[in-house]
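# Observations on chain architecture
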Amino acid sequence: MAFARTCSVALVGVDGVIVEVQADLEPGVAAFTLVGLPDKALSEARDRVRAAIVNSGEAWPQRKLTVGLSPASVPKSGSGFDLAVACAVLAAAERLDPSAIADLLLIGELGLDGRVRPVRGVLPSVLAAADAGYERVVVAEQTAAEAELVPGVSVIGVRSLRQLIAVLTGAPEPEEPPERIVGRPDPLMAGLMLPSAGVRGLPDEAASRMDLADVAGQYEARRALEIAAAGGHHLYLKGPPGAGKTMLAERLPALLPRLTQKEALEVTAVHSVAGLLPAGRPLIDHAPYCSPHHSTTMPAIVGGGSGLPRPGAVSLAHRGVLFLDEAPEFPVRVLDALRQPLEAGEVVIARSAGSLRLPARFLLCLAANPCPCGRHSRRGEGCECTPAMVSRYQGRLSGPLLDRVDLQVQVAPVTRAELMQRDTSAETTAIVAARVLAARERAAARLAGTPWRTNAEVPGHELRTRWQLAPGALNDAARQLERGLLTARGLDRVLRVAWTVADLAGRDRPEQRDIRTALVLRTGVEQGLPLTEQFFRSPNLAAARPDRPDRSDDHAENRTDRSGDGSDEQAEERPDAPAGRRPTRTRSARRPPGPTPTEKPEESGT
């Protein structure tokens with residue numbers, strides 16, 4: 001029989017397509033033709049396969065050889081088809097039994113000496129094979145552990161083509177001890193691991209030493225970090241240089257719970273396709289952390305490249321944290337391209353060779369200085385930037401992008417006392433992560449039976465109709481909406497944050513103080529409640545930490561009117577006033593001595 005077939009997998013993004021590899025031998029002038037829309041690397045398989053078969057001690061058929069990759073309309077790239085092409089050719093030449101490879105799926109690159117080299121994307125390829133009903137898969141020995149993560153599939157890890165031929169024919173396997181490499185990287189892994197591109201998918205020694213207790217001061221920012229981790233909310237940290245924005249962002253992944261088995265397979269599949277899966281660690285079960293430089297291009301952030309697109313930073317941070325430090329320095333087009341994945345949890349990329357969807361359910365953390373020099377403040381002390389420069393710098397973060405960010409926190413400069421004194425009451429990452437896990441479990445129990453996992457994923461319509469709030473809880477948010485200070489999307493995100501605050505405090509549903517806390521975290525304007533610990537925790541938890549100072553009196557003093565006219569006017573709302581009406585103004589009787597702004601002082605006669 002001069003015809004044989006076997007199967008391999010073509011990757012389109014992180015999805016696999018089963019490809020049937022057919023080999024046909026006919027009388028005629030010896031030639032090797034490869035058809036089926038291959039790319040340059042796959043077209044070169046003709047020389048690799050011929051040399052590998054000959055160097056493995058087998059005879060090359062001296063006839064007209066045609067290898068077809070079906071379906072022919074699907075673009076195919078990479079060297080992972082070499083092993084399947086070699087076995088199909090040997091079966092067509094009657095060196096192998098065609099029925100032995102008909103239901104076998106083979107993935108691997110062949111070296112000229114016949115060794116099987118690992119390729120990227122083994123996990124999504126085996127997942128596609130399992131979905132298609134294949135039960136046996138052959139991969140390189142180095143990626144066998146990655147393939148074995150898929151249940152219900154028998155994995156055969158081979159070291160060379162000669163060893164695979166012995167397995168398929170029942171002959172004794174040749175003794176091929178692994179090559180011992182000392183003092184240099186294994187050359188077989190060269191194509192499997194690419195530069196990290198700013199991704200940290202697994203905890204290392206440096207990451208394990210990062211503790212939230214190392215951050216000096218920044219109580220409000222640390223609280224916002226806890227809420228962001230508990231509900232999966234996007235976070236924007238704005239403040240001067242050296243305030244601790246990067247330190248806070250680097251400690252955010254450690255607060256996130258471990259990935260479930262399904263999530264770990266999703267994350268590992270993306271990193272396997274991108275070539276970022278570390279050797280010896282086939283499964284990523286921790287939240288990844290991706291921090292690209294502000295000079296990164298749009299294809300590197302969103303995904304793209306020549307031919308079929310590759311995963312970008314938004315996909316590499318799937319189920320983890322995407323940190324954009326110095327966010328205003330990123331190109332405006334790159335920042336605005338984040339709108340779709342922030343809403344949909346996936347990114348759709350269209351190219352001439354085809355379009356694909358890539359997962360992009362990440363937690364976005366933005367960090368920015370207030371101005372180009374970084375010293376701009378309300379008092380304007382030390383800032384060298386003109387008002388136009390400050391406005392242009394802050395305007396690089398568009399309103400539609402910031403409207404999708406749930407938590408927008410001002411990070412104040414660290415005081416000398418906070419920096420020099422050791423804060424023994426500062427909570428460690430383990431303590432905060434335990435509260436985050438408890439809040440996530442509470443939300444998961446409430447969202448059981450729905451397609452959502454965290455509060456940040458629940459649509460606003462469901463929050464307003466399916467789960468009821470406490471009576472009168474939305475009064476403050478409704479007034480903000482009527483005055484145009486809050487958009488409809490902003491109201492939905494305030495509700496999501498309020499549910500997370502209630503979960504952290506152990507309450508069954510959000511109350512008015514939870515809504516006010518969410519408004520403070522979104523707008524930065526006090527809503528009558530200070531951003532203190534008692535509004536994030538349940539009463540028993542707050543009582544357990546009496547050493548934490550209560551700064552509610554300080555916040556109460558800061559809520560006085562600062563119009564600059566020397567008066568102590570305060571706004572009061574009448575109980576009978578309808579929602580949306582401007583509050584009445586009442587003048588305090590405690591006016592300081594001296595003339596009013598409209599009165600002139602009497603001139604003293606001489």
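Scroll up to find the structure this text is about.
Worth saying up front: this structure is predicted, and the values here are computed from it rather than measured.

### Overview of the overall build of the chain
For the chain, the count of helices and strands is 25 helices and 21 strands. Residues classed as buried in the chain amount to 48% of the 606 residues present. A separation threshold of at least 6 residues defines the contact pool for the chain, and within that pool the share at least 24 residues apart is 71%. Surface exposure of the chain reaches about 29,100 Å², of which carbon and sulfur atoms provide 51%.

### Remarks on the environment of Leu 104
With respect to the helices and strands, the residue Leu 104 is situated in the loop between helix 4 (98–102) and strand 5 (105–106). Under the relative-accessibility criterion, Leu 104 is labelled buried at 0%. Spatially, the C-alpha atoms of Leu 104 and Glu 135 are 7.9 Å apart, while their sequence positions differ by 31 residues.

### Brief notes about the packing of aromatic side chains
Any aromatic ring pair is given by two values, namely how distant the centres are and how the planes are angled relative to each other. Evaluation of the coordinates by the stated rule reveals 2 aromatic pairs. On the numbers, 5.7 Å between centres and 45° between planes, the contact of Phe 32 with Trp 60 is tilted. Here Phe 32, found in strand 3 (residues 31–35), pairs with Trp 60, found in the loop between helix 2 (45–55) and strand 4 (64–70); they are 28 residues apart in sequence, far enough to count as distant. Under the relative-accessibility criterion, Trp 60 is labelled buried at 14%.

### Things to note about helix 22 (residues 488–505)
The end-to-end C-alpha separation of helix 22 is 26 Å, in line with the 26 Å expected for 18 residues at 1.5 Å each. The element helix 22 is largely enclosed, with a buried count of 16 among its 18 residues. Positive phi appears at Gly 506, one or two residues downstream of helix 22, with a value of about 80°.

### Considerations on the pattern of salt bridges
Here the idea is simple: oppositely charged side chains can pair when their charged atoms come close. Summed over all chains, the structure comprises 33 salt bridges. Across the pair Arg 489 and Asp 403 runs a salt bridge whose closest N-O atoms are separated by 3.0 Å. Here Arg 489, found in helix 22, pairs with Asp 403, found in the loop between helix 17 (399–402) and strand 19 (407–410); they are 86 residues apart in sequence, far enough to count as distant. Between Arg 446 and Asp 503 there is a salt bridge; the shortest N-O distance is 3.0 Å. Highlighted residues: Arg 446 in helix 19 (residues 429–446) and Asp 503 in helix 22, separated in sequence by 57 residues. Here the salt bridges do not stand alone but share partners, grouping Glu 343, Asp 403, Arg 404, Asp 406, Arg 489, Arg 493 and Arg 522 into one network.

### What to know about the packing of helix 19 against helix 22
Each pair of packed helices can be described by the angle between their axes along with the distance between the axes. Contact pair helix 19 / helix 22: the axes reach a minimum separation of 8 Å and the direction vectors enclose 115°. For the pair helix 19 and helix 22, the crossing hand works out as right-handed. Residues Arg 435, Ala 439, Arg 442, Ala 443 and Arg 446 of helix 19 touch helix 22, and the partners they reach there are Trp 499, Asp 503 and Leu 504. Along the lines of polarity and charge, the residues of the contact of helix 19 with helix 22 split into 4 nonpolar, no polar and 4 charged.

### So, unusual backbone geometry
Omega for the bond connecting Ser 70 with Pro 71 falls within 30 degrees of zero, at 5°, which places this linkage in the cis form. On the secondary structure map, Pro 71 appears in the loop between strand 4 and helix 3 (82–92). One non-glycine residue, Glu 94, lies in positive phi territory at about 65°. Within the secondary structure, Glu 94 is located in the loop between helix 3 and helix 4. Taking the relative accessible area as the measure of exposure, Glu 94 reaches 58% and is therefore exposed.

### A short note on the packing of helix 22 against helix 23 (residues 512–523)
Interhelical geometry of helix 22 versus helix 23 gives an angle of 120° and a closest axis separation of 8 Å. Between helix 22 and helix 23, the crossing angle belongs to the class labelled oblique. For the pair helix 22 and helix 23, the sense of crossing is right-handed. From helix 22, Gly 490, Arg 493, Val 494, Leu 495, Val 497, Ala 498, Val 501 and Ala 502 reach across to helix 23, where they touch Asp 514, Ile 515, Thr 517, Ala 518, Leu 519, Leu 521 and Arg 522. For the contact of helix 22 with helix 23, the per-class residue count stands at 10 nonpolar, 2 polar and 3 charged.

### So, the nonpolar core
Ranked by internal contacts, the top residues of the largest apolar core, which has 52 residues, are Leu 235 and Ile 515. Ranked by the residues each element gives to this core, the list is headed by helix 22, at 8 residues. When near neighbours in sequence (up to four residues on either side) are disregarded, Leu 235 contacts Ala 224, Leu 225, Ala 228, Leu 364, Cys 365, Leu 366, Val 405, Leu 407 and Val 409. Counting residues in hydrophobic clusters, the runner-up holds 42 residues, among them Ala 4, Phe 32, Ala 91 and Leu 168.

So, how was this worked out
Residues numbered from 1 in each chain as written. Predicted model: local features only at pLDDT ≥ 70, side-chain atom pairs only at ≥ 80, totals over all residues. Heavy atoms only, no water. Helix = DSSP H or I, 4+ residues; strand = E, 2+ residues; numbered from the N terminus. Buried < 20%, exposed > 50% of the residue type's maximum accessible area, 1.4 Å probe, protein only. Contact = heavy atoms within 4.5 Å. Areas by Shrake-Rupley, 256 points an atom, 1.4 Å probe, with all protein chains shown as cover. Phe/Tyr/Trp six-rings, centres within 6.5 Å; stacked < 30°, edge-to-face > 60°. Expected span 1.5 Å × (residues − 1). Salt bridge = Lys/Arg side-chain N within 4 Å of Asp/Glu carboxyl O. Axes fitted to C-alpha atoms, helices over the stretch in contact; angles between N-to-C directions. Left-handed = near helix turned anticlockwise from the far one by under 90°. Nonpolar A, V, L, I, M, F, W, Y, C, P; charged D, E, K, R; others polar. Parallel < 35°, antiparallel > 145°, perpendicular 65-115°, else oblique. Core = buried A, V, L, I, M, F, W, Y, C linked by side-chain atoms within 4.5 Å.

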